[in-house]
Protein chains: 2
Amino acid sequence: MQRQDRLTKPRGSLGALEGLSIRIAGITAEPVPRLKHKAILTMAADHGVTAQGVSLYPAEVTRQMVLNFLAGGAAINVLSRMIGARVIIVDMGVRGGLPAIDGITCKMIDFGTKDMSTGPAMTREQAMDCLVAGTEIVEQEIKAGLDILGTGDMGIGNTTSASAITAVVTGQMVSEITGRGTGIDDAQLAHKIRIIEQSLTVNKPDPADAMDVLAKVGGFEIGGLAGAMLAAAANHIPVVIDGFISGAAALIAAGICPAARDYMIASHLSAEKGHAACLRHLGLEPLLNLNLRLGEGTGAALGIFLAESSVNLLREMSTFSEAGVSDIQ
Amino acid sequence: MQRQDRLTKPRGSLGALEGLSIRIAGITAEPVPRLKHKAILTMAADHGVTAQGVSLYPAEVTRQMVLNFLAGGAAINVLSRMIGARVIIVDMGVRGGLPAIDGITCKMIDFGTKDMSTGPAMTREQAMDCLVAGTEIVEQEIKAGLDILGTGDMGIGNTTSASAITAVVTGQMVSEITGRGTGIDDAQLAHKIRIIEQSLTVNKPDPADAMDVLAKVGGFEIGGLAGAMLAAAANHIPVVIDGFISGAAALIAAGICPAARDYMIASHLSAEKGHAACLRHLGLEPLLNLNLRLGEGTGAALGIFLAESSVNLLREMSTFSEAGVSDIQ
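Conventions adopted
Residues numbered from 1 in each chain as written. Chains lettered and ligands numbered in written order. Predicted model: local features only at pLDDT ≥ 70, side-chain atom pairs only at ≥ 80, totals over all residues. Heavy atoms only, no water. Least-squares fit on C-alpha atoms with pLDDT ≥ 70 in both. Contact = heavy atoms within 4.5 Å. Buried area = accessible area lost by both parts, 1.4 Å probe. Salt bridge = Lys/Arg side-chain N within 4 Å of Asp/Glu carboxyl O. Helix = DSSP H or I, 4+ residues; strand = E, 2+ residues; numbered from the N terminus. Nonpolar A, V, L, I, M, F, W, Y, C, P; charged D, E, K, R; others polar. Pairing = 2+ DSSP bridges. Axes fitted to C-alpha atoms, helices over the stretch in contact; angles between N-to-C directions. Buried < 20%, exposed > 50% of the residue type's maximum accessible area, 1.4 Å probe, protein only. Core = buried A, V, L, I, M, F, W, Y, C linked by side-chain atoms within 4.5 Å. 1 Å grid on protein atoms, 1.4 Å probe; cavity = no way out; pocket = protein on both sides within 12 Å on 5 of 7 lines; lining within 4 Å. Points joined across faces, edges and corners; volume = space filled by probe spheres on them. Parallel < 35°, antiparallel > 145°, perpendicular 65-115°, else oblique. Phe/Tyr/Trp six-rings, centres within 6.5 Å; stacked < 30°, edge-to-face > 60°. Expected span 1.5 Å × (residues − 1). Left-handed = near helix turned anticlockwise from the far one by under 90°.

Enquirer: What am I meant to see in the relation of the copies chain A and chain B here?
Expert: For the pair of chain copies, the relating operation is a rotation around an axis with a shift along it. Between the two copies, chain A and chain B, the superposition gives an RMSD of 0.0 Å; the rotation angle is 180° and the shift along the axis is 0.0 Å. Taken together, these values place the two copies in the relation of a two-fold axis. Across chain A, the smallest distance between a C-alpha and the rotation axis is recorded for Leu288 of chain A, namely 3.2 Å.

Enquirer: Looking at this structure, I do not really get the interface of chain A and chain B. What am I missing?
Expert: Accessible area lost upon the coming together of the parts is a frequently used measure of interface size. Across the contact, 52 residues belong to chain A and 52 residues belong to chain B. For the pair chain A and chain B, the summed buried area comes to about 4,400 Å², and 67% of that belongs to carbon and sulfur atoms. Here chain A is connected to chain B by two salt bridges. Arg81 of chain B is the salt-bridge partner of Glu316 of chain A, the closest N and O atoms lying 2.9 Å from each other. Broken down by secondary-structure element, the contributors of at least two residues to the side of chain A that touches chain B are helix H1 (16-28), helix H2 (60-71), helix H3 (75-83), helix H12 (298-316) and helix H13 (320-323) of chain A. With eight residues, H12 of chain A is the single largest residue contributor to the side of chain A that touches chain B. Residues belonging to the side of chain A that touches chain B are distributed by class as follows: 29 nonpolar, 15 polar and eight charged.

Enquirer: Would you mind showing me how to read the sheet that holds strand E5 (residues 239-241) of chain A here?
Expert: Sheets are built from strands paired through backbone hydrogen bonds, the pairs being either parallel or antiparallel. All names here are of chain A. Strand order across the open sheet formed by six strands is E3-E2-E1-E4-E5-E6, with parallel pairing between neighbours. Both edges of this open sheet fall to strand E3 (104-106) and strand E6 (264-266), since each of them pairs with a single strand only. The mean inter-strand angle of the sheet, taken between neighbouring strand axes irrespective of direction, is 30°. The pairing of strand E1 (residues 38-45) with strand E4 (residues 148-154) spans seven bridges and is classified as parallel.

Enquirer: Whenever I open this one, the pattern of salt bridges confuses me. Can you help?
Expert: Applying the stated rule across the entire model yields 22 salt bridges over all chains. For Arg124 of chain A, the salt bridge identified is with Asp209 of chain A, shortest N-O distance 2.8 Å. Of this pair, Arg124 of chain A sits in helix H4 (residues 124-144) while Asp209 of chain A is found in the loop between helix H7 (186-203) and helix H8 (210-217), placing the two residues 85 residues apart along the sequence. With relative accessibility at 41%, the residue Arg124 of chain A sits in the partly exposed group. A salt bridge links Asp327 of chain B to Arg11 of chain B, with the shortest nitrogen-to-oxygen separation between them at 3.0 Å. Of the two residues, Asp327 of chain B is situated in the segment after helix H13 (320-323) and Arg11 of chain B in the segment before helix H1 (16-28); the sequence distance between them amounts to 316 residues. On the accessibility criterion, Asp327 of chain B (24% relative accessible area) is partly exposed. Judged by its relative accessible area of 36%, Arg11 of chain B is partly exposed. Through salt bridges that share partners, Arg81 of chain A together with Arg315 and Glu316 of chain B make up one connected network.

Enquirer: I keep staring at the nonpolar core and nothing clicks. Help me out?
Expert: Across soluble globular proteins, you tend to see nonpolar side chains buried next to one another. Among the nonpolar cores identified, the biggest contains 243 residues, and Met264 of chain A together with Met264 of chain B are the most heavily contacted of them. Beyond its immediate chain neighbours, meaning those up to four positions away, Met264 of chain A contacts Arg23, Met229, Val239, Ile241, Ala250, Ala253, Leu282 and Leu284 of chain A.

Enquirer: Hey, could you run me through the sheet that holds strand E4 (residues 148-154) of chain B in this one?
Expert: All names here are of chain B. Spatially, E3-E2-E1-E4-E5-E6 is the arrangement adopted by the six strands of the open sheet, whose pairing is parallel. Here the strands that pair on one side only, and so sit at the sheet edges, are strand E3 (104-106) and strand E6 (264-266). Looking at each pair of strands side by side, their axes are set apart by 30° on average, direction ignored. Two strands pair when backbone bridges link them, and E4 and strand E5 (residues 239-241) are joined in this way by two bridges, in the parallel orientation. Paired with Leu149 across the bridge in E5 is Val239.

Enquirer: Please explain the layout of surface pockets as it appears in this structure.
Expert: Empty pockets left among the atoms are what a rolling probe the size of a water molecule brings to light. Estimated volume of the largest pocket: approximately 700 Å³. Around the largest pocket, the lining comprises 30 residues; the ones closest to its centre are Leu288 and Asn289 of chain A together with Leu287, Leu288 and Asn289 of chain B. At the level of secondary structure, the elements contributing two or more residues to the lining of the largest pocket comprise H1 and E6 of chain A together with H1 and E6 of chain B. Looking at side-chain class alone, the lining of the largest pocket contains 20 nonpolar, six polar and four charged residues. In this structure, the second largest pocket is lined by Val169, Pro207, Ala208, Asp209, Ala210, Leu251, Ala254, Gly255, Arg261, His281 and Leu282 of chain B. Secondary-structure elements contributing two or more residues to the lining of the second largest pocket are helix H10 (244-256) and helix H11 (275-282) of chain B.

Enquirer: Explanation requested: the packing of helix H4 (residues 124-144) of chain B against helix H8 (residues 210-217) of chain B in the structure shown.
Expert: Between two packed helices, the angle of one axis relative to the other and the distance separating the axes together describe the packing. Residue and element names in this part refer to chain B. At a minimum axis distance of 8 Å, the contact between H4 and H8 shows a crossing angle of 105°. When the axis of H4 is compared with that of H8, the two are roughly perpendicular. In this structure, H4 contributes Arg124, Ala127, Met128 and Leu131 to the contact, and H8 contributes Met211, Asp212, Leu214 and Ala215. Partitioned by chemical class, the residues of the contact of H4 with H8 number six nonpolar, no polar and two charged.

Enquirer: What exactly am I supposed to notice about the packing of aromatic side chains here?
Expert: Here a ring pair, both rings aromatic, is described through the centre-centre distance and the interplanar angle of the planes. Going through the model one piece at a time under the given rule, you end up with three aromatic pairs over all chains. With a centroid separation of 6.2 Å and an interplanar angle of 15°, the aromatic rings of Tyr57 of chain A and Phe320 of chain B are classed as stacked. Here Tyr57 of chain A is found in the loop between E1 and H2, whereas its partner Phe320 of chain B is found in helix H13 on a different chain. Residue Phe320 of chain B is classed as buried on the basis of its relative accessible area of 7%. For the ring pair Phe305 of chain A and Phe305 of chain B, a centre distance of 3.5 Å and an interplane angle of 0° mean the geometry is stacked. Pair noted here: Phe305 of chain A is in helix H12 and Phe305 of chain B is in helix H12 (residues 298-316), and the two residues belong to different chains. Each member of the pair, Phe305 of chain A together with Phe305 of chain B, is buried.

Enquirer: It is not clear to me how H12 of chain B should be interpreted in this structure. Could you clarify?
Expert: Since the α-helix packs 3.6 residues into each turn, any two residues three or four apart lie on the same face. Under the 1.5 Å per step criterion, the end-to-end length of H12 of chain B is 27 Å for 19 residues, consistent within 8% with the ideal 27 Å. With 17 of 19 residues buried, H12 of chain B is to be regarded as a mostly interior element.

Enquirer: Just to check I follow, could you spell out the packing of helix H5 (residues 158-170) of chain B against helix H7 (residues 186-203) of chain B for this structure?
Expert: Residues and elements named next belong to chain B. As a packed pair, H5 and H7 sit with axes 10 Å apart at the nearest point and diverge in direction by 55°. Between H5 and H7, the angle falls in the class oblique. Every pair of crossing elements has a handedness; the one defined by H5 and H7 is right-handed. Along its contact with H5, which presents Thr159, Thr160, Ser163, Ala164, Ala167 and Val168, the element H7 presents Lys192, Ile196 and Leu200. Of the residues belonging to the contact of H5 with H7, the class tally is five nonpolar, three polar and one charged.

Functional significance is not addressed by these values, which are geometric in nature.
And the structure:
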C-alpha cells in the first residue's frame, strides 16, 4: 500500500486496480506479488432437474461441451490462451460418462444429480465428496504451481440449481433471482421459477446449513467449486469468481467458512439475474460488467487479466524517486 | 454476425464482447478480423494555463514522465507489455524540449501552448499542424503494421483544456464537467473552474468549428490525437479511446468528421467528471468502469485486450457443427 502511493502516477489514479493489487498482496501475504502460474478450474456435471424442461439445450450438451473444452474450441480455451492460463477440466458427474482420456480429471460423484424438484439432488455424503474433490484438485495444482485460480462451470440446468441456492441463502424470492439461463422465453421462465419453488418446498433446505443447501438443491460442479474455493483460501491463493454458478458455489463456501470471502475476487457482474444478489450477499464488488452469461470461467479469465495487470503495475512501475519525477510539492 | 450465432455458446452470452467483435469486423471490413499489430500512441505536450496553478504537479512532470515512458517505468509501459503492444511516444510540444533520442518521435509544435485564460492556446495554423502530425504518425505506423490503435496522453494541465473543449462542444456548464485532475482539493477545483470560464469568455470558441475550439482552448497533444483518430478512421483501423483527454480529442475529431465516431471504441469511463459527457456526446458505450483517471493510454490498453479477446473468440471458437455440439432444438 505504501508502494502504491510512491509509484509514478497521481495517487488513486489507477482506481480499482490499486485496491485489487493491495487485496492480492494481502491474500498472498506478499507485499509485491507475482501471478505467474494461472489456472482456470472448469468443473462439469449434469442436473436431474433438466427432466423438468428448465433449459433450452438438451442435457447431452454438457458432455459435448466438455469434449469441446478438450479440443480447445470453447470460449474458455480462447480466453485462457489470451491470459496464459491452463484450463483444468474436471468431470464432477457428467451424464453418460466421459472417456478416460488425458485432459479430463475424473472426480465423478454420479452420472448427474437427482431431480431436485422431487427430492434432494444428492446425499449429504455426496455433498461432502464434492468438497473433498475440489480440495484435492487445488492441492494437486498447487504442486504444479498455482498463483491464482479462476473458477468456471459447465452443466446444462445449473442456473436452476444456482437460483435455488441463491434464494435460500440470501432469503430473496425465487422470482427475484431467477433468470433466463441459456435464453428461455417468458413462459419457460415462469415454469423454471415454479420448478425451483417446488424444489424448495419439497426439500426445505436449511439456510443456516450450507451443506444441507448444497445437498438438497445444489450440483456436483457447484460443490466441487465450493471445495476448491475453500482450499484456495486455506492456501493463500486468490480465487477469481466467474458468474452466477460460481457465485452460488461461493455462497456455499462462505456459508461453510465465512473467512473464505476475503480470498475471493469477483470478476464480473453476470447478465444472469441472481448474480447481483450473490455478490451483494458476499460483499464483493465486480470488476467488470460486460453482460456476460456464458460461464465456463470466461469472466474469471478476464478478471485474472486485470488481477495480473494490477500486480504487474505494482511491481514494474518506477517510483517517483527512481524515475526522477517530481512528486506533489 | 452470422458466425457469432453459430459459435458454441448460447446466443448473446458473450455480452458486450459479441457486439465489440461485430463492430471491429465492420470497421476493418474483415468478417473475422485479426488484431496482431497493436500500438498505443501516447502524445505529450505542455499547457500554458498551468501558469494559473490549475494542477497539483509542476509542469516539469510532463517532460520527466516522457523520460519515464522511455525507460519503461510508467503504467502504460507495464500495460502495453501485458497486451503485447508497442508504445509510440510523441513529443507534440513539451516545455524545455526533449533530447533527440531513439524512442521519442518529435512533432513539436512549440514548447507548450500559450495560457488560454489570457488568449488563444495556439494559432489556427498550429492546430492544423497538430492534425497533420497525428496523421503522419499513423500513416508511418501503418507501414510498420497496425491493426488497432490505442490513444493516450501526458500533459500537466491537460484536464483543464479537455474540460474547456467538453464544455464548448457539449454545451454543458463548466462546473458540471470539470473534475479534480491529478487530485486537487475543493478550493483548487473552484479556481480551476473560474480559469476555464475565463478562458471561454476571453476566447469565445465557436462550438460549430472544431478547429476553432482546438486552437483557442486545446492542446498540442489533443490536436495530435484528433489527427491520429481521423487517420485511423480513414484507414479502417479501430481506434481505442482512453479517458478524458482522449475523449476531448475524439470530440474534436468527430467535430471535423462525424463519421470518425464509427471507428472509435470507448475503452473505459474515467473517474474524471467530464468524461461521461464526452462519451454521451459521441454516442459511445465504455467497456470498463474501473475509476481510472491516469491517462497515458492505460484504459486504452485494457480496452485493446478486450477487443483482441472479442475477435479471438470470433475466430478461434468452434461452431456447433464443427464441435458436434447440439444446438437449440
